[in-house]
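Spelled out from the first residue to the last, the chains are:
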Amino acid sequence: MHRRILLGAALAMPTLLSIPVRAQGTGGGVITLNGASQFNDEHAFTKAMMRFEELVKGYYGKPVNFVLHKNSSLGLEKQYFEYMAQGRAVDYAIVSPAHMSTFSRAAPFIDAPFIFRDLAHWNGVLDGDLLKPIADEVERRARVALIGYAGGGTRNIFANKRVSNMAELRGLKVRVQGAPIWSRTFQAAGMAPTVIAYNEVYNAIQNNVIEAGENEAAGVEQMRFYEVAPNLAMTQHAITIRPLCFSSQSLARLPNDLQAAIRRAGKEAGAFGRQVESSEDTQKLDALERAGRLRRVEFTERAEMKRLVDPVMAAYAKEIDAEAILGRINGANGLTILVA
């Protein structure tokens, strides 16, 4: 039986804090930049960061060394963001907005459930730079720049039992991300959400602590969640936004032309990552289903689920002063969620 083995223990290693954020010799030595990924070379996030490296080298035109630490060898995304905020160990990484909530209450809002109607709307919001106020707040308060936006996976619920409608969804013990909006929206839909570390989800389902989780195809495949929860309820409740982040402290210490190359490359690498993940989403699910590893289950009451969640989203937007952002997103979609 496969088990999830993420090397979170690396966080305890004393060598971690000695990893150079940059290594610039006094005589014009080569700069070293350290990245981090929870995943292997085949994951869309890793591909996006490798593309970022290629683009920076091309735009900078001078030697620069990139070291991308893969397979969670430096821990998980939550730690990556903390390290970037502190200006140590990690210079760049792709991080879920849920891990930015300490610094920006509005950050997790950008890929909360039922914000986007479809990929066209999602791309329109990102291309229109409608999330800039949140990015500015994160950079100001956390000292981490959001230099691009990857993501594009459509999130569904994987469960150890069949879930096809609201009645079957009721009371489902499901793992959610740590940002409050995820617990609130899933509670509004009748589920019993709980926050569990990402690398503990497999064992939690296996040991009947929870019954389900929610993720995009890349995560279901990478973490082999289908082994313990082979029923994929097609709730299509969220489309991911995964910012490509860079430590502002690290960035400020770099030559101006390299800073410019990084910001330019970040935007393009994010767009590349979006294209990769959104195009791979259905392909991965098709392959897993053909192999008999999971079963896609039509969820017949998505509209009702959204109806229950909309008031929670509107109230949360008001609570975190994100009403204007929600309004712009709604405007881009031609839809309206009334803010109480």
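None of these values were measured; they are calculated from a predicted model.

## Notes on the packing of aromatic side chains
Considering all chains together, one arrives at eleven aromatic pairs under this definition. An angle of 90° between the planes, with centres 6.1 Å apart, marks the rings of Phe52 and Phe66 as edge-to-face. Within this pair, whereas Phe52 is found in helix 1 (residues 44-60), its partner Phe66 is found in strand 2 (residues 64-69), the two being separated by 14 residues in sequence. The buried category is assigned to Phe52, whose relative accessible area is 0%.

## Some words on the pairing of strand 7 (residues 212-215)
Here strand 7 shows no split at all, with Ala212 and Glu214 on one side and Gly213 and Asn215 on the other all buried. Where strand 4 (residues 144-159) lies against strand 7, four bridges are found, and the strand directions are antiparallel. Each bridged residue has a counterpart across the sheet, and for Phe158 the counterpart in strand 7 is Gly213.

## What about the side chain of Glu277?
Residue position: Glu277 is located in helix 10 (residues 256-290). Of the buried charged residues, Glu277 lacks a salt bridge, with Arg155 as the closest side chain of opposite charge at 6.9 Å. Separated by 3.4 Å, the side chain of Glu277 and the backbone nitrogen of Gly153 make a polar contact.

## Structural notes on the environment of Arg274
Assignment of secondary structure puts Arg274 in helix 10. Taking the C-alpha atoms as reference points, Arg274 and Ala48, 226 residues apart in sequence, are found 8.4 Å from one another. Within the structure, the side chain of Arg274 is placed 2.9 Å from the backbone oxygen of Tyr149, a separation counted as a polar contact.

## A short note on the pattern of salt bridges
In this structure the tally under the stated criterion is 25 salt bridges. Linking Lys62 and Asp257 is a salt bridge whose minimum nitrogen-to-oxygen distance equals 2.7 Å. Taken as a pair, Lys62 in the loop between helix 1 and strand 2 and Asp257 in helix 10 lie far apart in primary sequence, 195 residues in all. Among the residues examined, Asp257 registers a relative accessible area of 34% and is labelled partly exposed. In this structure, Lys161 engages Glu211 in a salt bridge whose closest nitrogen and oxygen atoms are separated by 3.2 Å. In this pair, Lys161 sits in the loop between strand 4 and helix 5 (166-169) while Glu211 sits in the loop between helix 7 (201-206) and strand 7, placing the two residues 50 residues apart along the sequence. By relative accessible area, Glu211 is classed as buried at 16%. One salt-bridge network, held together by shared partners, links Lys47, Glu221, Glu280 and Lys284.

## A look at the nonpolar core
With 64 residues, the main nonpolar core has Phe81, Met84, Phe109, Leu169 and Met191 as its most contacted residues. If sequence neighbours within four positions are ignored, Phe81 has contacts with Val95, His99, Met100, Phe103, Val138, Ala142, Val144 and Cys245. Membership of the second largest hydrophobic core comes to 47 residues, among which are Leu68, Ile147, Val201 and Leu294.

## Re the confidence of the model for the chain
Per-residue confidence for the chain gives a mean pLDDT of 89, with 89% of residues at or over 70. Across residues 1-27, confidence stays below pLDDT 50; counting only partners more than four residues off in sequence or on other chains, it has 62 contacts. The low-confidence segment residues 333-340, where pLDDT is below 50, has 14 contacts with residues more than four positions distant or belonging to other chains.

## Re the packing of helix 1 against helix 10
Between helix 1 and helix 10, the shortest axis-to-axis distance is 7 Å and the interhelical angle comes to 150°. Here helix 1 runs over helix 10; the crossing is right-handed.

## Some points on the environment of Ile329
Looking at where Ile329 falls in the secondary structure, it is placed in helix 12 (residues 323-333). Separated by 219 residues in sequence, Ile329 and Ile110 have C-alpha atoms that sit 9.6 Å apart. Apart from the residues within four sequence positions on either side, Ile329 is in contact with Ile115, Phe116, His121, Val125, Leu130 and Leu131.

## Quick word on unusual backbone geometry
When glycine is set aside, most residues are seen to have a negative phi, and most peptide bonds are trans. For Phe114, which is not glycine, the phi torsion reads 60° and is therefore positive. Mapped onto the fold, Phe114 is located in the loop between strand 3 (92-94) and helix 3 (119-127). Take Phe114: its relative accessible area is 3%, and that puts it in the buried class. Here Asp321, not a glycine, exhibits a phi torsion of approximately 60°, which is positive. Considering the arrangement of structural elements, one finds Asp321 in the loop between helix 11 (302-319) and helix 12.

## A closer look at the side chain of Gln177
Within the secondary structure, Gln177 sits in the loop between strand 5 (173-176) and helix 6 (180-188). In this structure the side chain of Gln177 is engaged in a polar contact, spanning 3.0 Å, whose partner is the side chain of Ser96. Non-local contacts of Gln177, meaning those with residues more than four positions away in its chain, are made with Ser96, Ala98, Arg155, Trp182, Val195, Glu214 and Arg242.

Rules used throughout
- Residues numbered from 1 in each chain as written.
- Predicted model: local features only at pLDDT ≥ 70, side-chain atom pairs only at ≥ 80, totals over all residues.
- Heavy atoms only, no water.
- Phe/Tyr/Trp six-rings, centres within 6.5 Å; stacked < 30°, edge-to-face > 60°.
- Helix = DSSP H or I, 4+ residues; strand = E, 2+ residues; numbered from the N terminus.
- Buried < 20%, exposed > 50% of the residue type's maximum accessible area, 1.4 Å probe, protein only.
- Pairing = 2+ DSSP bridges.
- Lys, Arg positive; Asp, Glu negative; His and termini not counted.
- Salt bridge = Lys/Arg side-chain N within 4 Å of Asp/Glu carboxyl O.
- Polar contact = N/O pair within 3.5 Å; in protein donor to acceptor, adjacent residues only side chain to side chain.
- Core = buried A, V, L, I, M, F, W, Y, C linked by side-chain atoms within 4.5 Å.
- Contact = heavy atoms within 4.5 Å.
- pLDDT = per-residue confidence, 0-100.
- Axes fitted to C-alpha atoms, helices over the stretch in contact; angles between N-to-C directions.
- Left-handed = near helix turned anticlockwise from the far one by under 90°.

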